[in-house]
Amino acid sequence: MYILEVLSGPLDGQTWQFEREITIGRDEGIAEACITLDRYISRRHAHVRNDAGSLVLTDLASRNGTQVDGRVVTTNVPLAVGDRFTVGRTVLRVTRGE
């Protein structure tokens, strides 16, 4: 199990649990990790998935992009547990759950 955590932004401290994948966005009907208060996040912004034990981050053609360490995500990007990434103006990270 993994935990997606907001480190900075309007929902600072908010967490979501997931096992295989999670979609991040502003639309509750599409995104399991719904961040409605950040207007720079698209309805369906980014996706994190567990691919055979490795995490992969994908930007879903969002309007304002997704970044890892200041680099814009344009394709599938490997994501290590604990890496920080930004969607809109919100900083997130994935950690392992219990």
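Just so you know, the residues in each chain are numbered from 1, in the order the chain's sequence is written. At least 70 in pLDDT is required for a residue's local features to be given in this predicted model, at least 80 for side-chain atom pairs to be given and counted, and no such filter applies to totals for whole chains, interfaces and linings, which use all residues. Note: side-chain values were computed over all heavy atoms of the structure, leaving out hydrogens and water.

1. Things to note about the sheet that holds strand β1 (residues 2–8)
Two modes of strand pairing occur in sheets, parallel and antiparallel, and in both the strands are linked by backbone hydrogen bonds. Should DSSP find at least two bridges between two strands, the strands are regarded as paired. Strands here mean DSSP runs of E at least two residues long; helices mean DSSP runs of H or I at least four residues long; both are numbered from the N terminus. The six strands are arranged β2-β1-β11-β10-β7-β8 in an open sheet whose pairing can be described as antiparallel. Because the sheet does not close on itself, it has two edges, and the strands there are β2 (15–18) and β8 (71–72). Where β1 and strand β11 (residues 90–96) come together, six bridges link them in antiparallel fashion. Bridging across to β11, V6 finds its partner in L92.

2. Concerning the sheet that holds strand β6 (residues 54–59)
The five strands lie next to each other as β4-β3-β5-β6-β9, forming an open sheet whose pairing is mixed. The sheet terminates laterally at β4 (33–34) and β9 (77–79), the two strands that pair on one side only. Across four bridges, the pairing between strand β3 (residues 21–25) and strand β5 (residues 46–51) is antiparallel. Opposite I24, over in β5, you have A46 as the bridge partner.

3. Overview of the side chain of H47
Looking at the secondary structure, you find H47 in strand β5. Exposed residues in this analysis have more than 50% of their type's maximum accessible area, buried residues have under 20%, and partly exposed residues fall in between, with area computed by a 1.4 Å probe over protein chains only. According to the relative accessible area criterion, H47 is buried, its value standing at 14%. Only heavy atoms matter for contacts: two residues are in contact if any of them lie within 4.5 Å across the pair. Other than its neighbours up to four places away in sequence, H47 contacts E21, I22, T23, V56, L57, T58 and L60.

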